[in-house]
Amino acid sequence: MLALVLGGGNAVGAYHGGVVSALETAGVQPNWVAGSSIGAVMGALIAGNPPGRRTAAVREFWRRGEQSDGPASWVSEAWRKVMRIAAALRQWREHPPAARGLAVHNAAGIREMAAA
């Protein structure tokens, strides 16, 4: 079992691309991916793409990030959905499900936020 933990900091995030490429070249697939800040973004790209497509996804992310027209023009719908899910998770943290009479495993609120 392999856990890949990615740290924050934009320069470090760029190095994550090399890690992704090396893992793909070696045929190694992480079972768990976690990250903070830019590491979380890289983790989402890794987890959200099939093996063989991950290096290309990370390179495309950084290529688009270099464009001068700003992030609003290149943020994909998938990334917007990730941000809606993150907002829903913050909502759950601020207003715990148990306090609202919901079971912790009930994901209905997250599904509603993601669909919005």
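Analysis parameters
- Residue numbers restart at each chain and count upward from 1, following the sequence in its written direction.
- In keeping with the model being predicted, local features are shown solely for residues with a pLDDT of at least 70 and side-chain atom pairs are shown and tallied solely at 80 or more, while totals for entire chains, interfaces and linings include all residues.
- Hydrogen atoms and water are omitted, and side-chain values are computed over all heavy atoms in the structure.
- Secondary structure elements follow DSSP: runs of H or I no shorter than four residues count as helices, runs of E no shorter than two count as strands, and numbering proceeds from the N terminus.
- Whether two residues are in contact is decided by their heavy atoms: any pair within 4.5 Å suffices.
- Accessible surface area values rest on a Shrake-Rupley calculation with a 1.4 Å probe, where residue burial reflects the displayed protein chains alone.
- Note on exposure labels: buried denotes an accessible area under 20% of the residue type's maximum, exposed denotes more than 50%, and partly exposed covers the range between, all computed with a 1.4 Å probe on protein chains only.
- Two strands are said to pair when DSSP picks up at least two bridges between them.
- Crossover handedness is defined by viewing with both strands directed away from the observer: a clockwise path from the first strand over the helix to the second marks the crossover as right-handed.
- Note on definitions: the grid is 1 Å and covers protein atoms alone; a cavity is a set of points where a 1.4 Å probe fits but cannot get out; a pocket is an open set with protein on both sides within 12 Å along at least five of seven lines; lining residues have an atom within 4 Å of a point.
- Grid points are joined across faces, edges and corners, and a volume is the space filled by probe spheres set on the points.
- We define the nonpolar core as a collection of buried residues of types Ala, Val, Leu, Ile, Met, Phe, Trp, Tyr and Cys that are connected through side-chain atoms lying within 4.5 Å of one another.
- Aromatic rings from Phe, Tyr and Trp, with only the six-membered ring used for Trp, were paired whenever their centres fell within 6.5 Å, and each pair was classed as stacked if the ring planes differed by under 30 degrees, edge-to-face if by over 60, and tilted otherwise.
- Only C-alpha atoms enter the line fits that serve as axes; for helices the fit covers just the stretch in contact. Angles between N-to-C directions range over 0 to 180 degrees.
- Working definition: roughly parallel below 35 degrees, roughly antiparallel above 145 degrees, roughly perpendicular at 65 to 115 degrees, and oblique for all remaining angles.
- The hand of a helix crossing depends on one turn: near helix anticlockwise from the far one by less than a right angle means left-handed, and clockwise means right-handed.

*Asks:* Is there a simple way to explain the overall build of the protein in this structure?
*Replies:* Secondary structure summary: the protein contains five helices and two strands in total. Helices and strands appear in the protein in the N-to-C order β-α-β-α-α-α-α. For the protein, long-range pairs separated by at least 24 residues make up 65% of all intrachain contacts whose partners lie at least 6 apart in sequence. Counting only carbon and sulfur atoms, one obtains 61% of the accessible surface of the protein, whose full area is about 7,500 Å².

*Asks:* How do you make sense of the pairing of strand β1 (residues 3-6) when you look at a structure like this?
*Replies:* Taken residue by residue, a regular strand's side chains alternate between the two faces of the sheet. Side chains L4 and L6 of β1 all project onto a buried face; the interleaved residues A3 and V5 project onto a face where none is buried. Two strands pair when backbone bridges link them, and β1 and strand β2 (residues 32-35) are joined in this way by four bridges, in the parallel orientation. Residue pairing in the sheet places L4 in a bridge with V33 of β2. The parallel pair β1 and β2, bridged by helix α1 (residues 10-26), forms a crossover whose chirality is right-handed.

*Asks:* Could you clarify how one ought to interpret empty space enclosed by the protein in this entry?
*Replies:* The gaps of empty space that remain are located by a probe, the size of a water molecule, rolled over the atoms. Evaluated as defined, the whole model comprises one cavity of 30 Å³ or more. In terms of lining, the largest cavity is formed by L4, V20, L23, E24, V28, P30, I46 and R54. Counting residues per element, the lining of the largest cavity draws most heavily on α1, at three residues.

*Asks:* Explanation requested: the nonpolar core in the structure shown.
*Replies:* If you look at soluble globular proteins, the nonpolar side chains tend to sit buried side by side. By size, the foremost hydrophobic cluster in this structure holds twelve residues: L4, L6, V20, L23, I38, V41, M42, L45, I46, A57, V58 and F61. The set of elements that each furnish at least two residues to this core consists of β1, α1, α2 (38-47) and α3 (54-65). If one sorts the elements of this core by residue count, α2 sits on top with five residues.

*Asks:* I keep staring at the packing of aromatic side chains and nothing clicks. Help me out?
*Replies:* Evaluated as defined, the whole model comprises one aromatic pair. Here the aromatic rings of F61 and W62 are separated by 5.2 Å at their centres, their planes lie at 85 degrees, and the arrangement is edge-to-face. Given the relative accessible area of 24%, W62 is considered partly exposed.

*Asks:* What is the right way to read the packing of α1 against α2 from this model?
*Replies:* How two helices pack is summed up by the angle between their axes together with the distance between the axes. At a closest axis distance of 9 Å, the pairing of α1 and α2 adopts a crossing angle of 25 degrees. Taken together, the axes of α1 and α2 lie roughly parallel to each other. With respect to the hand of their crossing, α1 and α2 are arranged in right-handed fashion. Residues N10, G13, H16 and V20 of α1 lie in contact with α2, whose contacting residues are I38, G39, M42 and I46.

*Asks:* Explanation requested: the side chain of E24 in the structure shown.
*Replies:* Of note, E24 is situated in helix α1. If we skip the residues at most four places from it in the chain, E24 touches P50, P51, G52, R53, R54 and T55.

*Asks:* How should the environment of I46 be read in this particular structure?
*Replies:* By secondary structure assignment, the location of I46 is in helix α2. Considered as a pair, I46 and V33 are 13 residues apart in the sequence and their alpha carbons are 7.8 Å apart. In contact with I46, other than residues within four places in its own chain, are L4, L6, V20, P30, V33 and R54.

All quantities given are derived from atomic positions and should not be read as evidence of function.
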